[in-house]
Amino acid sequence: MGQGQSDAQPQRRSREQLAHELARKFQALCFTSLEQYCFNDVFQSLADHQDEVRYIKEDTLARFLELPDILAASPVVFQIVSYLGAFPFLQDAPVVMEHPRMIIALSILTERYRRVLAKGSRDRTKLLFKSLAVFDRKASEAGIDTSEKPEASTASSHVAGFAVDEAGADAEDADEDDLVLETFELLDINHAVMEGDAPAPFDALIPTDNFRKLLLLLLLVAPLEPQERLSRYTARVTGDQLESLRTRAEHVLASFVDPETSPGIKYSHFIKVIPVLCPNLFNGFNALFEHFLFSKNLDFSQHKDEKPEALPMVQPLIKDTGDILDEHTLSQISLFLPGSDLFHRVRLLYSGNQAGFSMRSFETKVFNWRAPTILLVRGTRLSRVPEGGQEAAFADSIPPNRFPPGSKSDSLTFGVFVKQPWKHTFTECFGDSDTVLFQLEPVHDVFAPSKLNQDFVAFTKTFLGFGCPPPKKTQSHRREEMHSLGAVSLLLNDSFEFGVFNHNYRSRGGAFQTSVTRRYDFQDRFQIESMEVWGCGGDAESKAQAEQWAWEEREAEARRRINLGSGDIEADRALLEMAGLVGNNRSGGSMG
């Protein structure tokens, strides 16, 4: 009696069995047969073994990915990998990186999991936060504020200190991730049973120094292409290049946390910053970890008897030399603009230090470019009381300053991405919803386009403005009115000598939205030191611009050679028509 009841009970699978089953599903559905072969070959060549267990160690992973020692990012990267390898049972992290665990981590880091788990596209950022986070039990116990806004901490622990023994979940994010829930559905398991022993969440932080090291690496790998070796960029981590990389990383770090005072980054702030300021922050992981999918033992381009060819010369990310834009600054911009439009595709159109700081020089160099452009301007903050007549005249041309500075630093760098071709504005501005206003120094910030108005770009004879309304004529026609500043705007005067950035947070914004990190009013007035415009495009755009310049030069030369002023207007007009400079809707200018 009762024998049939025990036979009906299904056998419960262990977490280890479920992890192996998920790895098999990921490997079959997320990778091609060739990629599976390559991964198996690479793993076997790298793995250490103890008894029957084959696994990858931290130093092996760092050596294979060619992570530069000087960045000290290897422990942080391995922490991420060993945490993601525990997915979906994240409370088991960190795990030994065996073959199935490496498959799971690789699927998440290269975003191939989306071929199976479509619902969790947003949760990769959440997973990466948790993989970097630690329990700040000391802060929880003392109630110390660890974010920009004071928050009461209710968590407590008898363990003092900054524990880094395991990654933690943010108290504000106690609900299970959609990505995890969808994985449980895929494995056909009861997540309530499997997760019943999950630890209670403490306040979680990404330690500031750990995130700084990771930012250095992410900026370095931002331009990395599939199969491209990171060691080819060794020049970017030496000498002045290394200092530039560290500077850019500090600017980005400042948008997440105050490096001088805060111990780390909370999830509530992390999840707000990433989508707006750095949506492409982790894109470099895709190409970096795809090296596991290319085996050196499988090269279809080479016969067995042939010697391997030398690596091709590294093509520079920027062909031209500028005062503001370098390779690391380009990587910083790629955090919010597509890298495919930037790396190996930008060229210098205008430099104030080379062509002169004038609107005429700007117009000559930029207006013929028929592809997107990036304007960059760098300067030094002006004192609140104008020094000298020129500063005073600039101060008189804009509304009185009511806001404090936006930062402690006197060095400022702003920029604008403009997708439409440049032109003069009279009654309406130009630009569209793809126009982006941003700051690179000393704080990385992005002011996304808004729908409140269309005052994106104004190019007039008296100023160049972004987010500023076009000027209005006075009835007396003697001079134009004082320049109007938009709620979030950048204005440069007609001589490109001074500029002002205005951020009225209490307003609803204007053509551009207010900052998601600096939730206060500020205004930065500065003296311009460098100004550049870079064209985003390939050889076709460059050829079209060169042809336009050549045509204009021929037109100008033809005008110079014609001897006008004889007094016979009809004869002069005949000469102009013969030269092709009038007629066919060409006025030829005034001949009176």
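Preceding block: the structure.
Description of the structure in this document. From a predicted model like this one, the values you see are computed outputs, not experimental measurements.

Below, the discussion takes up the overall build of the chain. When its secondary structure is counted, the chain shows 20 helices and 15 strands. Counting the 592 residues in the chain, one finds 51% classified as buried. The contacts in the chain between residues at least 6 apart in sequence include a share of 73% that link residues at least 24 apart. Surface summary for the chain: the accessible area is close to 29,200 Å², and the carbon and sulfur share equals 49%.

With that settled, the discussion passes to the pairing of strand β9 (residues 436–441). Burial of β9 is extensive: six of the six residues sit out of reach of the surface. Relative to β9, strand β8 (residues 411–418) runs antiparallel, the two being bridged by five bridges. The residue bridging Val416 from the neighbouring strand is Leu437, located in β9. Where β9 meets strand β10 (residues 445–447), three bridges bridge the pair, whose relative direction is antiparallel. Its bridge partner lying in β10, Leu437 is registered against Phe447. Between the antiparallel neighbours β9 and β10 lie three residues.

The next thing to look at is the side chain of Ser82. Along the chain, Ser82 turns up in helix α5 (residues 74–84). Here Phe78 takes part through its backbone oxygen, which lies 2.9 Å from a polar atom of the side chain of Ser82. If we skip the residues at most four places from it in the chain, Ser82 touches Ala93, Pro94, Val95 and Met97.

All right, on to helix α9 (residues 178–187) then. Given 3.6 residues per turn, any residue in an α-helix points the same way as the ones three and four places further on. Those residues of α9 not exposed but buried are Leu179, Val180, Glu182, Thr183, Phe184 and Leu187. Following α9 by one or two positions, Asp188 has its phi on the positive side, about 55°.

So, on to the packing of aromatic side chains. Inspection of every chain in the model, using the stated rule, returns 27 aromatic pairs. Where Phe256 meets Phe270, the ring centres are 6.0 Å apart and the plane angle is 40°; that geometry is what we call tilted. Remark: Phe270 occurs in helix α13 (residues 267–277) and Phe256 occurs in the loop between α12 (239–254) and β5 (264–266); sequence separation between them is 14 residues. Note on Phe256: relative accessible area 2%, which makes it buried. Overall, Phe270 belongs to the buried group, its relative accessible area being 0%. Taking the centre distance of 5.1 Å and the plane angle of 70° together, the rings of Phe362 and Trp422 count as edge-to-face. Taken as a pair, Phe362 in helix α17 (residues 359–366) and Trp422 in the loop between β8 and β9 lie far apart in primary sequence, 60 residues in all. The exposure class of Trp422 is buried, given its relative accessible area of 3%. What links up through ring pairs into an aromatic cluster is the set Tyr350, Phe362, Phe367, Trp422, Phe430, Phe459, Phe466 and Phe496.

Pairing is possible between side chains of opposite charge, provided their charged atoms come close. If you walk through the whole model with that rule in mind, you get 20 salt bridges. Glu35 is the partner of Arg112 in a salt bridge, and the nearest nitrogen-oxygen pair spans 3.0 Å. Placement of the pair is Arg112 in the loop between α6 (99–109) and α7 (123–132) and Glu35 in helix α3 (residues 33–46), with a sequence separation of 77 residues. Here Arg112 falls in the buried class, since its relative accessible area comes to 9%. The exposure class assigned to Glu35 is buried, which follows from its relative accessible area of 16%. The salt bridge partner of Asp48 is Lys57, with a shortest N-O separation of 4.0 Å.

With that out of the way, let us pick up the sheet that holds β5. Taken in spatial order, the three strands of this open sheet run β3-β4-β5, and their pairing is antiparallel. Only two strands of the sheet have a single partner each, and these edge strands are β3 (134–135) and β5. Here β3 runs beside strand β4 (residues 204–207); their pairing, made up of two bridges, is antiparallel. For Val134, the partnering residue across the bridge sits in β4 and is Leu205. Contacting β4 and β5, α13 crosses the sheet at an angle of about 80° to β5.

Where helix α11 (residues 208–221) contacts α12, the axes come no closer than 9 Å and their chain directions differ by 120°. The angle between the axes of α11 and α12 places the two elements in the oblique class. Judged by the twist between their axes, the crossing of α11 over α12 is right-handed. In this structure, α11 contributes Thr208, Phe211, Arg212, Leu215, Leu216, Leu219 and Leu220 to the contact, and α12 contributes Leu245, Arg246, Arg248, Ala249, Glu250, Val252 and Leu253. Considered class by class, the residues forming the contact of α11 with α12 number nine nonpolar, one polar and four charged.

Inspection of the secondary structure puts Glu98 in the loop between α5 and α6. In this structure the C-alpha to C-alpha distance between Glu98 and Ala47, which are 51 residues apart in sequence, comes to 8.3 Å. Once you skip the residues sitting within four places of it in the chain, Glu98 turns out to touch Glu16, Phe43, Val53, Arg54 and Tyr55.

The bulk of non-glycine residues show a negative phi, and the bulk of peptide bonds are trans. Put simply, Phe87 and Pro88 share a cis peptide bond, and its omega is 5°. Position of Pro88 relative to the elements: it lies in the loop between α5 and α6. In this model, Ala93 is joined to Pro94 through a cis peptide bond whose omega is -5°. Residue position: Pro94 is located in the loop between α5 and α6. Even without a glycine there, the phi angle at Glu111 is positive, about 65°. Locating Glu111 in the fold gives a position in the loop between α6 and α7. Here the phi dihedral of His344 falls at roughly 70°; this positive angle occurs in a residue that is not glycine.

In terms of burial, α6 is largely enclosed, as ten of its eleven residues are buried. For α6, every residue scored as buried is listed here: Pro100, Arg101, Met102, Ile103, Ile104, Ala105, Leu106, Ser107, Ile108 and Leu109. Looking at the packing, one finds that the buried side of α6 touches α2 (15–30), α3, α4 (58–65), α5, α7 and α14 (284–289). Of the residues one or two after α6, Glu111 is the one with positive phi, at around 65°.

Among the structural elements, Gly467 can be located in the loop between β12 (463–466) and β13 (488–493). Residue Gly467 is classed as buried on the basis of its relative accessible area of 6%. In sequence terms Gly467 and Gly509 are 42 residues apart; their C-alpha atoms lie 9.4 Å from each other. Sequence-distant contacts of Gly467, defined by excluding residues within four places in its chain, comprise Asp455, Phe456, Gly486, Val488, Ser489, Ala511 and Phe512.

Scoring rules and cut-offs
- Residues numbered from 1 in each chain as written.
- Predicted model: local features only at pLDDT ≥ 70, side-chain atom pairs only at ≥ 80, totals over all residues.
- Heavy atoms only, no water.
- Helix = DSSP H or I, 4+ residues; strand = E, 2+ residues; numbered from the N terminus.
- Buried < 20%, exposed > 50% of the residue type's maximum accessible area, 1.4 Å probe, protein only.
- Contact = heavy atoms within 4.5 Å.
- Areas by Shrake-Rupley, 256 points an atom, 1.4 Å probe, with all protein chains shown as cover.
- Pairing = 2+ DSSP bridges.
- Polar contact = N/O pair within 3.5 Å; in protein donor to acceptor, adjacent residues only side chain to side chain.
- Phe/Tyr/Trp six-rings, centres within 6.5 Å; stacked < 30°, edge-to-face > 60°.
- Salt bridge = Lys/Arg side-chain N within 4 Å of Asp/Glu carboxyl O.
- Axes fitted to C-alpha atoms, helices over the stretch in contact; angles between N-to-C directions.
- Parallel < 35°, antiparallel > 145°, perpendicular 65-115°, else oblique.
- Left-handed = near helix turned anticlockwise from the far one by under 90°.
- Nonpolar A, V, L, I, M, F, W, Y, C, P; charged D, E, K, R; others polar.

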